[in-house]
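Geometric and topological summary
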Amino acid sequence: MRTTLELTLSSLSTVGDEFWFEDPGYILARPFLQNAAIKVVPVPVDENGLMVEEGKRLSPYAKFAMVTPSHQSPLGMTLSLERRMALLEWASKAGSWIIEDDYDSEFRYQGRPLPALKSLDRNDRVIYSGTFSKVMFPGLRLAYVVAPVSVLARFQAVAYNLNAGCPYLFQAGVADFIAEGHFSGHLKKMRLLYAERRAVTQCVFQQVLGDRVRIDLRPGGLHMLAKLGDHEDDVLLADRAREAGLAMHPLSRWYINAKPQQGLLLGFANVIDEKDAMRIAMKLKRSMS
Ligand SMILES: Cc1ncc(COP(=O)(O)O)c(C=O)c1O
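The paragraphs below set out a description of the structure included in this document.

About the cut-offs
- Residues numbered from 1 in each chain as written.
- Predicted model: local features only at pLDDT ≥ 70, side-chain atom pairs only at ≥ 80, totals over all residues.
- Heavy atoms only, no water.
- Helix = DSSP H or I, 4+ residues; strand = E, 2+ residues; numbered from the N terminus.
- Contact = heavy atoms within 4.5 Å.
- Areas by Shrake-Rupley, 256 points an atom, 1.4 Å probe, with all protein chains shown as cover.
- Lys, Arg positive; Asp, Glu negative; His and termini not counted.
- Charge placed at Lys NZ, Arg CZ, Asp CG, Glu CD.
- Expected span 1.5 Å × (residues − 1).
- Buried < 20%, exposed > 50% of the residue type's maximum accessible area, 1.4 Å probe, protein only.
- Arc of directions from axis to C-beta.
- Pairing = 2+ DSSP bridges.
- Axes fitted to C-alpha atoms, helices over the stretch in contact; angles between N-to-C directions.
- Parallel < 35°, antiparallel > 145°, perpendicular 65-115°, else oblique.
- Left-handed = near helix turned anticlockwise from the far one by under 90°.
- Polar contact = N/O pair within 3.5 Å; in protein donor to acceptor, adjacent residues only side chain to side chain.
- Salt bridge = Lys/Arg side-chain N within 4 Å of Asp/Glu carboxyl O.
- Near = heavy atom within 4 Å.
- Nonpolar A, V, L, I, M, F, W, Y, C, P; charged D, E, K, R; others polar.

Regarding its fold elements, the protein chain presents nine helices and eleven strands. Here the C-alpha coordinates of the protein chain stretch approximately 55 × 50 × 35 Å along the principal axes. A separation threshold of at least 6 residues defines the contact pool for the protein chain, and within that pool the share at least 24 residues apart is 69%. Here the protein chain displays about 14,600 Å² of accessible surface, and carbon together with sulfur accounts for 55% of that area. Computed over 35 positive and 32 negative side-chain charges, the separation of the two mean positions in the protein chain equals 2 Å.

Its 15 residues give helix H9 (residues 274-288) an end-to-end C-alpha distance of 21 Å, which sits within 8% of 21 Å, the value for a rise of 1.5 Å per residue. Residues Asp276, Ala277, Ile280, Ala281, Leu284, Ser287 and Met288 constitute the buried set of H9. For H9, the buried positions fall inside an angular range of 125° around the axis, keeping them on one side. Residues of H9 that are exposed and angled more than 90 degrees away from the buried face: Glu274, Lys275 and Arg286. The inward-facing, buried residues of H9 contact helix H7 (182-209), strand E8 (213-215), strand E9 (223-228), helix H8 (234-243) and strand E11 (263-267).

Bringing the sheet that holds E11 into the picture now. Taking strand neighbours across the sheet as the criterion, the four strands line up as E8-E9-E11-E10 in an open arrangement whose pairing is antiparallel. What marks the edges here is a single partner per strand, and that holds for E8 and strand E10 (249-250). In this structure, E8 lies alongside E9, joined through three bridges in antiparallel fashion. Among the inter-strand pairings, Ile215 is bridged to a residue of E9, identified as Ala226.

This part covers the packing of H8 against H9. Packing of H8 against H9 leaves a shortest axis separation of 9 Å and a crossing angle of 125°. Considering their axes alone, H8 and H9 lie oblique with respect to each other. Our pair here, H8 against H9, has a crossing hand that is right-handed. Together, Leu237, Arg240 and Ala241 of H8 and Leu284, Ser287 and Met288 of H9 make up the contact between the two elements.

Negative phi values dominate among residues other than glycine, just as trans dominates among peptide bonds. Between Asp23 and Pro24 the backbone carries a cis peptide bond, its omega angle lying at 5°. Structurally, Pro24 is set in the loop between strand E1 (17-23) and helix H2 (30-35). Of the consecutive residues Ser73 and Pro74, the connecting peptide bond is found in the cis state with omega at 15°. Counting through the fold element by element, Pro74 comes out in the loop between strand E4 (64-67) and helix H4 (81-94). Phi is positive for Asp124, close to 55°, though the residue is something other than glycine. Assignment of secondary structure puts Asp124 in the loop between strand E5 (97-101) and strand E6 (126-131).

With respect to the helices and strands, Arg212 occurs in the loop between H7 and E8. Separated by 13 residues in the primary sequence, Arg212 and Leu225 have C-alpha atoms spaced 13 Å apart. In terms of polar contacts, Arg212 uses its side chain to reach the side chain of Glu232, at 2.6 Å.

Here we have seven strands laid out as an open sheet, ordered E3-E2-E1-E4-E5-E6-E7, and mixed in their pairing. Strands with a single pairing partner mark the edges of an open sheet, and in this sheet they are strand E3 (49-50) and strand E7 (143-146). Pairing between E1 and E4: three bridges, direction parallel. Counted as the bridge partner of Trp20 is Ala65 from E4.

Examined against the element boundaries, Arg84 turns out to sit in helix H4. Of the buried charged residues, Arg84 lacks a salt bridge, with Glu100 as the closest side chain of opposite charge at 5.1 Å. Setting aside its immediate chain neighbours within four residues, Arg84 contacts Pro69, Ser70, Thr78, Leu79, Leu114, Pro115, Ala116, Leu117 and Leu120.

Here we take up the site of the ligand. In the neighbourhood of the ligand, the contacting residues comprise Met1, Tyr26, Ser73, Asp101, Tyr103, Thr131, Ser133, Lys134 and Arg141. In this structure, an oxygen atom belonging to the ligand sits 2.9 Å away from a side-chain N or O atom of Thr131. Between Ser133 and the ligand, the recorded distance is 2.6 Å, taken from a side-chain N or O atom to an oxygen atom. When the free accessible area of the ligand is taken as 390 Å², the share hidden by the protein chains comes to 86%. A breakdown of the residues in the shell around the ligand according to their chemical character gives three nonpolar, three polar and three charged.

What follows is the structure, encoded as structure tokens:
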């Protein structure tokens, strides 16, 4: 994501441009954005995703809006159709760019896969960004951008001098993997496997941790959110969990201006089975006591 942002901002931004950023929003993008010569404007989210009207109030002429429409990062809701249309309309009128961060939409366990925001983009305002970090593995460092034709020359010129990180040999390997049909088979297989792991993890964690957490499943993604009561300290709990060998993100850290909710973000992709889920949940329970 960092390289995609670097490519996009180096191609299209000027010093002082305002940049809508979901609040809470993707924490790992923040250090790069805070060091860039732009002004980050946190825009709150609700059950329908990014609050476009709030964005318009806070920063009507922002040059960029970064969104996670399929599976809001970190809360997991989907950007509603009404909000999608409102966002596109605003971007067209204001001449702004929407950066669609579509990081894990391939993994959807209920209903049909969602079309990308980019598919509704009649006025060429959306820069679509995908990654192989979730569908393959993060160490590959391979991502891709679908940009409007009007900006291609600028993107190409910047990309030419950018160290994109993924060696050509790996890129060629992934291209063959797709062309030979293995990728779609891999996705189908992993969707079933992750659906099973997601259900088992939620059930066991809820059973072991009881009223202390509330895990509402979202239709997609590779992580779930265990919500905690307002009196809990998720940063402290995540620190204790880390000491016990568990990697969980405290939700409150993902907020900038909006009132932080307490919760733990749990990846479930590597929870092998019920026994494994029980082992992890018990460890967490001990570190919470
Ligand atoms: C919200 C979000 N965007 C993008 C990415 C992909 O980042 P990268 O391609 O740098 O691994 C991730 C990966 O976890 C993510 O959670």
